[in-house]
Amino acid sequence: MKKFLASIFILTSFSAFSVEEKTIHVEGSMSAGRTWMDYTSSKELNLKKLLELLSRSATGEKIIKEAQYKAARTGLLIEDVVKVGESSLTDTTLVRKFSPHSPEHVIYESRSVVYISKNLAWDDALLDLAHELTHYVYREGFNPYSESFNAKDFIKSTIEGSGGEVQAFLTECRVLKELFSRRVQSRSNCQKIEDSSGQLSYSKAVELFYHVGSYFDGFHGQLKKRDIASSFSDLKPEKINFISSAYGVPYPVAALMEYDLVVNKVCENDKKRLAYMQQGPRRGPASTASGQAKFVESYSARCGVKSSL
């Protein structure tokens, strides 16, 4: 059996929204003032109940079925994908495998796990579950080792792309309308993204996510340095509506921070891969030598390092 080396990094998405008032009629220990984990002593039973409650919403039922389908494609159940955690988030892990004997040949594998904070009340947990399942089902995969991986696309994908923060927030708002009273709805940010007819507006949501308040000057300066500022016309120094729990800053700022962390990890992993190439035989098939030369060129451009085989 071939020996493979794997390099791993994790991309994390956190829920951006919660409500404060309990209005769903629940039985037993599912009362106000208790967390969803107080229902029983079993994590599995509590998760099962949370999924059952979410399925009472048409939007929730749809996202659960799609999550079940996606999990089944890799031989998993939704119970294998949704876990109890300290925070609500979706962890996507990219594993890169290559043989030390042929480091120019790489295999990529991606897998995701949804975590729901154990400290939430039932309504907050339901909305977080809807939010995170949206990330799990719809978030488009990307390869940070690809030459096309860049900051502009990463920021836009994180916020306004398929399965991004805007779509996840819209899912929350739909579940909120379907399961909770108007009194609870009025305490959310969802009303801020309604159009004149009372319908949820994707474009309004995008605008709100790019309001970065006092972070505007510094962040806009970072975008200018990278020559991508003109791509973010919605960016404004207006009141912040959404903060990333992972970084404690507005989502566009958090996305750029995460991009830089991912690139640093990619460069660290590629440096190790380059070392294996340099340790290998100097002579070999022309295709292998060409592949190595192309990798060195890509590594140097991405990581700003001059290297030679």
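Residues numbered from 1 in each chain as written. Predicted model: local features only at pLDDT ≥ 70, side-chain atom pairs only at ≥ 80, totals over all residues. Heavy atoms only, no water.

S.K.: Talk me through the state of the cysteines; I want residue IDs and the actual numbers.
M.R.: All chains considered together, the criterion is met by two disulfides. Covalently, Cys173 is tied to Cys190 through a disulfide, its sulfur atoms 2.1 Å apart. With the S-S dihedral at roughly -90°, the linkage between Cys173 and Cys190 falls on the left-handed side. Taken as a pair, Cys173 in helix α6 (residues 165-179) and Cys190 in the loop between α7 (182-185) and α8 (202-209) lie far apart in primary sequence, 17 residues in all. In terms of burial, Cys173 and Cys190 fall into one category: buried. Here Cys267 pairs with Cys303 through a disulfide, and the sulfurs are 2.0 Å apart. On the S-S bond that ties Cys267 to Cys303, the torsion sits near -100°, and the link is left-handed. (Disulfide = S-S within 2.5 Å. Helix = DSSP H or I, 4+ residues; strand = E, 2+ residues; numbered from the N terminus. Buried < 20%, exposed > 50% of the residue type's maximum accessible area, 1.4 Å probe, protein only.)

S.K.: Can you tell me about the pattern of salt bridges, naming the residues and giving the values?
M.R.: All told, the structure shown has eight salt bridges when counted by the stated rule. Note that Lys156 and Glu160 form a salt bridge whose closest N and O atoms lie 3.7 Å from each other. One end of the pair, Lys156, and the other, Glu160, are both in helix α5 (residues 151-160), four residues apart, so they sit about a helical turn from each other. Residue Lys156 is classed as partly exposed on the basis of its relative accessible area of 25%. Judged by its relative accessible area of 24%, Glu160 is partly exposed. Beyond isolated ion pairs, a larger network of salt bridges with shared partners links Lys49, Glu52 and Arg56. (Salt bridge = Lys/Arg side-chain N within 4 Å of Asp/Glu carboxyl O.)

S.K.: I'd like a description of helix α1 (residues 43-54), backed by residues and values.
M.R.: For α1, built from 12 residues, the straight-helix expectation of 16 Å at 1.5 Å per residue is met to within 8% by its first-to-last C-alpha distance of 17 Å. Along α1, the positions that sit buried rather than exposed are Asn46, Leu47, Lys49, Leu50, Leu51, Leu53 and Leu54. (Expected span 1.5 Å × (residues − 1).)

S.K.: Requested: an account of the packing of α6 against α8, with residues and values cited.
M.R.: The geometry of α6 relative to α8 is characterised by a closest axis approach of 10 Å and an angle of 120° between their N-to-C directions. With respect to α8, the axis of α6 lies oblique. Both α6 and α8 take part in a crossing whose hand is right-handed. On α8, the residues that touch Glu165, Val166, Phe169 and Leu170 of α6 are Tyr202, Ala205, Val206 and Phe209. For the contact of α6 with α8, the per-class residue count stands at seven nonpolar, no polar and one charged. (Axes fitted to C-alpha atoms, helices over the stretch in contact; angles between N-to-C directions. Parallel < 35°, antiparallel > 145°, perpendicular 65-115°, else oblique. Left-handed = near helix turned anticlockwise from the far one by under 90°. Contact = heavy atoms within 4.5 Å. Nonpolar A, V, L, I, M, F, W, Y, C, P; charged D, E, K, R; others polar.)

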